[in-house]
Amino acid sequence: MSKRKNDFNILLLKLSKEDKIISESQLVEGNEDLNYRISKFRKKFHNEEDVKKFDSIFYKKNDKDTSISEIKSHNNSSIDKVLEKESLEKQENWIKKIYKKIMIRTHPDKFINVATEEIKQKYTKIYIDAVEAFNSGDEATVLVCAYDCDISLPEDNFEDITRIILEKINFYKSEILKAKQQAGYFWYHLSENEKEKFLEDYLKKLGYDYSKRKIRTVVKEVRSRKTGTKPVKRNNVKRNTIK
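Now for a description of the structure that goes with this document.

About the criteria used
Residues numbered from 1 in each chain as written. Predicted model: local features only at pLDDT ≥ 70, side-chain atom pairs only at ≥ 80, totals over all residues. Heavy atoms only, no water. Helix = DSSP H or I, 4+ residues; strand = E, 2+ residues; numbered from the N terminus. Contact = heavy atoms within 4.5 Å. Areas by Shrake-Rupley, 256 points an atom, 1.4 Å probe, with all protein chains shown as cover. Salt bridge = Lys/Arg side-chain N within 4 Å of Asp/Glu carboxyl O. Buried < 20%, exposed > 50% of the residue type's maximum accessible area, 1.4 Å probe, protein only. Expected span 1.5 Å × (residues − 1). Arc of directions from axis to C-beta. Polar contact = N/O pair within 3.5 Å; in protein donor to acceptor, adjacent residues only side chain to side chain. Core = buried A, V, L, I, M, F, W, Y, C linked by side-chain atoms within 4.5 Å.

1. A look at the overall build of the protein
Part 1 of the argument: Summing up its helical and strand segments, the protein has 11 helices and zero strands in all.
Part 2 of the argument: Helices and strands in the protein line up, N terminus first, as α-α-α-α-α-α-α-α-α-α-α.
Part 3 of the argument: Sequence separation of at least 24 residues holds for 75% of the intrachain contacts in the protein that already meet a minimum separation of 6.
Part 4 of the argument: Just so you have it, the protein exposes about 16,700 Å², and 51% of that area is on carbon and sulfur atoms.

2. Side note on the pattern of salt bridges
When the charged atoms of two side chains with opposite charge come close together, those side chains can pair.
Part 1 of the argument: Per the stated rule, a full pass over the model turns up 16 salt bridges.
Part 2 of the argument: Residue Lys178 is joined to Glu175 by a salt bridge in which the shortest nitrogen-to-oxygen separation is 3.2 Å. With a gap of three residues between them, Lys178 and Glu175 both fall in helix α8 (residues 158-180), about one helical turn apart.
Part 3 of the argument: By relative accessible area, Glu175 is classed as buried at 18%.

3. Re helix α6 (residues 117-136)
Part 1 of the argument: Spanning 20 residues, α6 covers 29 Å between terminal C-alpha atoms, matching the ideal 28 Å at 1.5 Å per step.
Part 2 of the argument: Residues of α6 that are buried include every one of Tyr123, Ile126, Tyr127, Ala130, Ala133 and Phe134, and no others. Down the axis of α6, the sector holding all buried residues measures 140°, keeping them to one side. Along α6, the residues that are exposed and aim more than 90 degrees away from the buried face are Glu118, Gln121, Lys125 and Glu132.
Part 3 of the argument: Residue Gly137 follows α6 closely and has a positive phi angle near 80°.

4. Section: the side chain of Gln26
Part 1 of the argument: One can find Gln26 in helix α1 (residues 2-42).
Part 2 of the argument: A relative accessible area of 14% places Gln26 in the buried class.
Part 3 of the argument: Looking at Gln26, its side chain comes within polar contact range of the side chain of His189, at 2.8 Å.

5. Describing the nonpolar core
Part 1 of the argument: Ranked by internal contacts, the top residues of the largest apolar core, which has 31 residues, are Leu13, Trp94, Ile98, Ile102, Leu143, Leu153 and Ile165.
Part 2 of the argument: When contributions to this core are tallied by element, the ones reaching two or more residues are α1, α5 (93-106), α6, α7 (139-148) and α8.
Part 3 of the argument: The biggest single contributor to this core is α7, with seven residues.
Part 4 of the argument: For Ile102, the contacting residues outside a window of four places in its chain are His107, Ile126, Ala130, Val142, Cys145, Ala146, Cys149 and Ile151.
Part 5 of the argument: Of all hydrophobic cores here, the second largest spans 13 residues; its members include Phe41, Leu203, Tyr210 and Val218.

Below is the structure:
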């Protein structure tokens, strides 16, 4: 019963992670498109003060995002190494045992002579994900990696496993909710007519009055996508039969 429950929870975790990736991608795409449309109205200003006012409303610097990106750019710093060392020391023994099993089963050296490239890529990805997750203290992802390479989770630790998975699912849900509360995500899911109305009301509330014709022209304008980018599609998460 505990194995069946673990398998079910891990599937929920994988789906939650996928939903998080999709919602955040839609938020980014929506923000980029909305900012592009708004920039078309900025070009209409000739007075420097009006431009500054417009920029202060629509192009505020997000200090929180900046600090996060700065932290991410120093992944190899001594601070990160100390944090990783602390997270490793805090790992439970049963998690370490699962991790070792994953390393043995997925190490790239085992697949040197395997002809099927798809199998190589699958287990290489699991190996890399497991190493990164273990070093950062992400126990939930270690459990997912074990599941993906058919390693049974210890039934004696069922309660701990359930807690770890559900905490991660709740974290993903909170991140999804944050994304869905942003204007960019809302904009992404609007129809063309709805976007016209949204943009008209949005600009009016901020003291900018543009004709419906101008707004319609801006909304209908085709925005060229950045080279090498494409819309995010939902991946098919393999739903193993739970026996």
